[in-house]
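A closer look at the structure
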Amino acid sequence: MAVVYDLDGTVVRLAVDWDAVTREVAATLERRGVTVPDDADLWKLFRLGREADQIDAVERVISAHERAGARESERLACADLLARDAPTAVCSLNSGGACHIALGQHRLREHVPVVVGRDAGPWEKPDPEPLLAAIDRLGVEPAETTFVGDGERDERTAEGAGVEFVYASEWARRA
Ligand SMILES: [Mg+2]
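Computed from a prediction, not measured in an experiment: that's the story for all the values here. (Residues numbered from 1 in each chain as written. Predicted model: local features only at pLDDT ≥ 70, side-chain atom pairs only at ≥ 80, totals over all residues.)

1. Details of the domain arrangement of the protein chain
Here the domain parsing of the protein chain yields domain 1 (2-13 + 74-174) and domain 2 (18-70). Domain 1 puts seven residues into the contact, and the matching count from domain 2 is four residues. The residue inventory of the side of domain 1 that touches domain 2, partitioned by class, reads three nonpolar, four polar and no charged. (Domains from an automatic or database assignment. Contact = placed C-beta atoms within 7 Å. Nonpolar A, V, L, I, M, F, W, Y, C, P; charged D, E, K, R; others polar.)

Here it is in C-alpha cells:
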C-alpha cells in the first residue's frame, strides 16, 4: 500500500505564525493596489493575488515564512510512520521548497521520493488533482493508496480522488 501524507500538522508542525503571514500578505497586496477585504483569510488573499496577477509577490512572502518555519519545525508522530511506510509521498499546501526543508530537517527526505507542494500546479487541495499527481508520480493506483492528513480539506481531497483517508491521529494510533 502506498501512503501519501499531508505535511503541516501531520508529519511536522511548521513554526509559522499564520496570522502574521496573513497580515504581511494583505499589506503586500495593498501596496500593489489590490483592495483587500478586512476579514480575508490567507487563502482568500492567495486567490486575490492570483486574480490580480500578484501571485509572485504573495508567494515570496508566504514561502519565506514557510522555509523559516520548516527549519524550526516540530516532528510529529506520523514522521516515524512515514519512515516505515513505502512507497510514500507528501502532498501539501505548503511550498515544495518548505516541504523539502522540513523533511531534510528531520532526516526524512530519503523516505519521500515524491513531494507535491503548492507550487507544483495550478490547483490546491481540496481539489483532488495534487493528490492524484502524487499518486501518479509514485506509479501506484488511487485504490491502493491511503491519504493521511489532519484537516477537513484533506478529507475532501481524498474523497474527490477516490482515495482512502485516515486522520493523522488515527493513523498514529493504529501503528
Ligand atoms: Mg495539514
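2. A look at unusual backbone geometry
Look at the link from Ala86 to Pro87: it is a cis peptide, with omega at -10°. Residue position: Pro87 is located in the loop between helix 4 (77-84) and strand 4 (88-91). Backbone torsion omega between Lys125 and Pro126 reads 15°, so that peptide bond is classified as cis. Mapped onto the elements, Pro126 comes out in the loop between strand 5 (114-116) and helix 6 (129-138). For Asp53, which is not a glycine, the phi torsion comes out positive at approximately 65°. You can see Asp53 is positioned in the loop between helix 2 (42-51) and helix 3 (55-71). The exposure class of Asp53 is exposed, given the 10 C-beta atoms found within 10 Å. Positive phi is not limited to glycine here, since Arg107 has a value of about 55°. (Helix = DSSP H or I, 4+ residues; strand = E, 2+ residues; numbered from the N terminus. Buried ≥ 20, exposed ≤ 12 C-beta atoms within 10 Å, placed from the backbone.)

3. A look at the environment of Asp6
Mapping Asp6 onto the fold places it in the loop between strand 1 (2-5) and strand 2 (12-13). Exposure remark for Asp6: the 25 C-beta atoms within 10 Å place this residue in the buried category. For the pair Asp6 and Ser92, spaced 86 residues apart in sequence, the C-alpha to C-alpha distance is 5.2 Å. For Asp6, the contacting residues outside a window of four places in its chain are Cys91, Ser92, Val148, Gly149, Asp150 and Asp154.

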